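# Examination of the molecular architecture
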Amino acid sequence: MKIVIISDSHGHIQRIRHVVGFIAKIKADAIIHCGDWDNEESVVEVAKAKIPVYGVLGNADYNPFVEGKLSQLKIVYNPDVLEIEVSSKKILVCHFPGRLIQELDKEKGIFDIAFHGHTHREKEAVYKGTKIVNPGALQSLTPSFAIYDLDANAVEFIDIEV
């Protein structure tokens, strides 16, 4: 099972469409968005993948229509921290890396993997036994996203040529 992880799309519709096309090619099973959708059009474009979408809000998601569109399209989300279980993997999602660490400190060892955004930089690390991944940003000079293979417990970063 593969989950595509995106973050910090900041309304960049063309790059979201690129990722959605990639999702269809690799037959990904779900999408996690780590926040900073920026506008409701971003939500609509991600939902066009027609696979389960999970997400959180970021600091650029002050437009109330973003949250409204997430609800309308029945996307599983939380404004701050999202805890989900997919194929027996416990996953934590938060936009802010510091907030993510706070949650991991409270819930030591119960998550298999945690995803965040905000810094616009790819990152893979381990914190107190939990793998932490930042997929980078779709809106960046070096845009990227990640694929998480649940069966292999492996992350692959994908750079988008601009």
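My aim in this report is to walk through the structure given alongside it, one point at a time. Just so you know, the residues in each chain are numbered from 1, in the order the chain's sequence is written. With pLDDT at 70 or above as the cut-off, local features in this predicted model cover only qualifying residues; side-chain atom pairs require 80 or more to be listed or tallied, and sums for whole chains, interfaces and linings still use all residues. To obtain the side-chain values, all non-hydrogen atoms of the structure were included, while hydrogens and water were left out.

### Some words on empty space enclosed by the protein
As defined here, a cavity is a set of points on a 1 Å grid over the protein atoms alone where a 1.4 Å probe fits but cannot get out. A pocket is an open set with protein on both sides within 12 Å along at least five of seven lines, and residues line them when an atom is within 4 Å of a point. Grid points are joined across faces, edges and corners, and a volume is the space filled by probe spheres set on the points. Taken as a whole and judged by the stated rule, the model has one cavity of 30 Å³ or more. There is about 40 Å³ of room inside the largest cavity. Forming the boundary of the largest cavity are Leu104, Glu107, Lys108, Gly109, Ile110, Phe111, Tyr127, Lys128 and Thr130. Of the residues in the lining of the largest cavity, the class split is four nonpolar, two polar and three charged. Classification convention: Asp, Glu, Lys, Arg as charged; Ala, Val, Leu, Ile, Met, Phe, Trp, Tyr, Cys, Pro as nonpolar; all other residues, Gly among them, as polar.

### As for the packing of aromatic side chains
Ring geometry is summarised as follows: Phe, Tyr and Trp rings, the Trp one being its six-membered ring, pair when their centres sit within 6.5 Å, and such pairs are stacked at plane angles under 30 degrees, edge-to-face over 60 and tilted between the two. The final tally for this structure, using the stated rule, is two aromatic pairs. A ring pair is formed by phenylalanine 22 and phenylalanine 145, whose centres lie 5.3 Å apart and whose planes are at 70°; its orientation type is edge-to-face. With phenylalanine 22 in helix α1 (residues 13–26) and phenylalanine 145 in strand β10 (residues 144–149), this pair connects stretches of sequence that are 123 residues apart. By relative accessible area, phenylalanine 22 is classed as partly exposed at 21%. Only protein chains enter the area calculation, which uses a 1.4 Å probe; residues under 20% of their type maximum are buried, those over 50% are exposed, and those in between are partly exposed. Of the residues examined, phenylalanine 145 reaches a relative accessible area of 0% and is grouped as buried. With a centroid separation of 5.8 Å and an interplanar angle of 65°, the aromatic rings of phenylalanine 115 and tyrosine 148 are classed as edge-to-face. Taken together, the residues span a long stretch of sequence, with phenylalanine 115 in strand β7 (residues 113–115) and tyrosine 148 in strand β10 at a distance of 33 residues. Each member of the pair, phenylalanine 115 together with tyrosine 148, is buried. Counting from the N terminus, the helices are the DSSP runs of H or I reaching at least four residues and the strands are the DSSP runs of E reaching at least two.

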